[in-house]
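Single-letter residue listing:
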Amino acid sequence: MMEKLNLETGEYEKVEVAIDNLPAIMEVAPVIDFTTLSISFNYIELKEMMTKGLEEYKLEVTADNIKDANKMATKLNKLATTINRARIENKKIMLEPLTLFENNMKNLEETALMGREFLTSQVKVFNDSLIEICFSKCKEYLKIQYIDKQLLEEFQYIDISDIAIASNLSDNMKLTKKAKDTIVSRVDIALSKQINKRMRLLMLENECLKNGLQVLLNESDVSSFILESDLKYNEQLAILINRELEKQKQIELNITLKNEREIK
């Protein structure tokens, strides 16, 4: 009996595991025995004969010898054809053992790659299952952190997809400390934003009163920038308050002008 991972539950259980029948040692290499090909033919002899024989073809074509020139050209064409045919036919014979060697080696290579493809596909299935298990456990731990830190739903947007990897599971299918610490760190960042927003909303009324606003701003007025950095938040708030002050001044001016007209 051996322990095997149940990919549905993420737990190890006792099962009968068949032992593979692969060779104990897969480190094999082709043993290739060949004799270096040595090709010889009467090249020098033919070259000398042809060089001397071609001297007679070096003539100036005239009306008197044009027929002979055409015959000579035909002979030379037949000679070139004979040489080319001999080259092709003998090359084909010489390449036969090399072609057979290439085909056999490619066949062996394909056999090895087919085995590799099968194994890698199985490894992917296994790893994908581990990722699903890890993702499920990450979500469970994240939910616990949301509750412990009292994080509002608005801030429960933390992405953990990048943490859901096989290496973030221990041998007993538990989340590693590294994975948990990463989740806690991200929750703490979201919590800081939640606290910061709460503080800004608490201070918003004071900012309005301090600047002389009669109609106080609320959360909806600052929602578009309330989660920005302190610098950007303060800049945007100052712009908004100044805009509201201008509106307030214009309203006050309109009221004054209206009252003056009514007095007259």
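Figured I'd write up the structure that's included with this text.

1. Structural notes on the overall build of the chain
Reasoning step 1: Along the backbone of the chain there are 5 helices and 2 strands.
Reasoning step 2: Starting at the N terminus and walking to the C terminus, you meet the elements of the chain as β-β-α-α-α-α-α.
Reasoning step 3: Burial analysis of the chain (264 residues in total) assigns 19% to the buried set.
Reasoning step 4: Contacts spanning at least 24 positions in sequence make up 61% of the contacts within the chain whose residues lie at least 6 apart.
Reasoning step 5: A total of about 21,400 Å² of accessible surface is found on the chain, and carbon and sulfur atoms cover 57% of it.

2. Remarks on helix H5 (residues 230-263)
Reasoning step 1: Its 34 residues place the ends of H5 49 Å apart at the C-alpha level, agreeing with the 50 Å of an ideal helix rising 1.5 Å per residue.
Reasoning step 2: Listed in full, the buried residues belonging to H5 are Tyr233, Leu237, Leu240, Ile241, Leu245 and Gln248.
Reasoning step 3: Looking at the packing, one finds that the buried side of H5 touches helix H3 (177-210) and helix H4 (219-222).

3. Considerations on the packing of helix H2 (residues 66-148) against H3
The description of two packed helices rests on the angle between their axes and on the distance between the axes.
Reasoning step 1: It is the contact of H2 with H3, at a shortest axis distance of 10 Å, that shows an interaxial angle of 40°. As far as their axial angle goes, H3 and H2 are oblique. Considering how the two elements wind past one another, H2 and H3 form a crossing that is right-handed. On the side of H2, the interface is formed by Cys138, Tyr141, Leu142, Gln145 and Tyr146, while H3 contributes Lys180, Ile183, Val184 and Val187.
Reasoning step 2: Class assignment of the residues belonging to the contact of H2 with H3 gives a composition of 7 nonpolar, 1 polar and 1 charged.

4. Notes on H2
Reasoning step 1: The largest bend along H2 reaches roughly 40° and is located at Leu95, with the proline Pro97 sitting one to four residues downstream.
Reasoning step 2: Those residues of H2 that fall on the buried side of the exposure criterion are Ala69, Met72, Ser129, Leu130, Ile133, Cys134, Lys137, Cys138, Tyr141, Leu142, Gln145 and Tyr146.
Reasoning step 3: Trailing H2 by a residue or two, Gln150 shows a phi angle of about 55°, which is positive.

5. Notes on the packing of aromatic side chains
Centre distance and the angle of the planes are the two values used to describe a pair of aromatic rings.
Reasoning step 1: For the structure on display, the rule yields 2 aromatic pairs.
Reasoning step 2: On the basis of an interplanar angle of 70° and a centroid distance of 6.0 Å, the ring pair of Phe41 and Tyr43 is categorised as edge-to-face.
Reasoning step 3: A relative accessible area of 59% means that Phe41 is categorised as exposed.
Reasoning step 4: Lying over the aromatic face of Tyr233, Arg200 brings its terminal NZ or CZ to 4.2 Å of the ring centre.

6. Some details on the pattern of salt bridges
Reasoning step 1: A complete count under the given rule lists 9 salt bridges for this structure.
Reasoning step 2: Among the salt bridges present, the one from Lys197 reaches Glu154, with a minimum N-O distance of 2.8 Å. Of the two residues, Lys197 sits in helix H3 while Glu154 sits in the loop between H2 and H3, which places them 43 residues apart along the sequence.
Reasoning step 3: By relative accessible area, which is 45% here, Glu154 ends up partly exposed.

7. A word on the environment of Gln150
Reasoning step 1: Mapped onto the secondary structure, Gln150 falls in the loop between H2 and H3.
Reasoning step 2: Taking the C-alpha atoms as reference points, Gln150 and Leu191, 41 residues apart in sequence, are found 8.4 Å from one another.

8. Examining unusual backbone geometry
Reasoning step 1: Its identity is not glycine, yet Gln150 carries a phi of approximately 55°, on the positive side.
Reasoning step 2: One non-glycine residue with positive phi stands out, namely Met173, at about 65°.
Reasoning step 3: Relative to the helices and strands, Met173 is located in the loop between H2 and H3.

The rules behind each value
- For every chain, the first residue of its written sequence is number 1, and the numbers climb from 1 along that sequence.
- Confidence filtering applies because this is a predicted model: local features only for residues at pLDDT of at least 70, side-chain atom pairs given and counted only at 80 or more, and all residues used for totals across whole chains, interfaces and linings.
- Hydrogens and water are ignored here; the side-chain numbers use all heavy atoms of the structure.
- In this text, helices come from DSSP runs of H or I with a minimum length of four residues, and strands from runs of E with a minimum of two, each type numbered from the N-terminal end.
- Relative accessibility under 20% of the residue-type maximum defines a buried residue, over 50% an exposed one, and the middle range a partly exposed one, all with a 1.4 Å probe and only protein chains included.
- When checking whether two residues touch, look at their non-hydrogen atoms; a contact exists if any pair is within 4.5 Å.
- Here the Shrake-Rupley method, with its probe set to 1.4 Å, supplies the accessible areas, and only the displayed protein chains count as covering residues.
- By definition here, a helix of n residues has an expected span of 1.5 Å times n minus one.
- A fitted line through C-alpha atoms serves as each axis, taken over the contacting stretch for helices, and the angle formed by two N-to-C directions is quoted from 0 to 180°.
- Roughly parallel means an angle under 35 degrees; roughly antiparallel means over 145; roughly perpendicular covers 65 to 115; every other angle is labelled oblique.
- Two helices crossing with the near one rotated counterclockwise from the far one by less than a right angle form a left-handed crossing, whereas a clockwise rotation gives a right-handed crossing.
- In this classification, the charged set is Asp, Glu, Lys and Arg, the nonpolar set is Ala, Val, Leu, Ile, Met, Phe, Trp, Tyr, Cys and Pro, and all remaining amino acids, among them Gly, are polar.
- Bending is quantified residue by residue as the angle between axes fitted to the seven-residue window ending at that residue and the seven-residue window starting at it.
- Aromatic rings from Phe, Tyr and Trp, taking only the six-membered ring of Trp, are treated as a pair when their centres fall within 6.5 Å; an angle between ring planes under 30 degrees marks them as stacked, one over 60 as edge-to-face, and anything in between as tilted.
- We call a charge positioned above a ring when the Lys NZ or Arg CZ atom is no farther than 6 Å from the ring centre and deviates by at most 35 degrees from the ring normal.
- Here, a salt bridge means any side-chain nitrogen of Lys or Arg that lies within 4 Å of a carboxyl oxygen of Asp or Glu.

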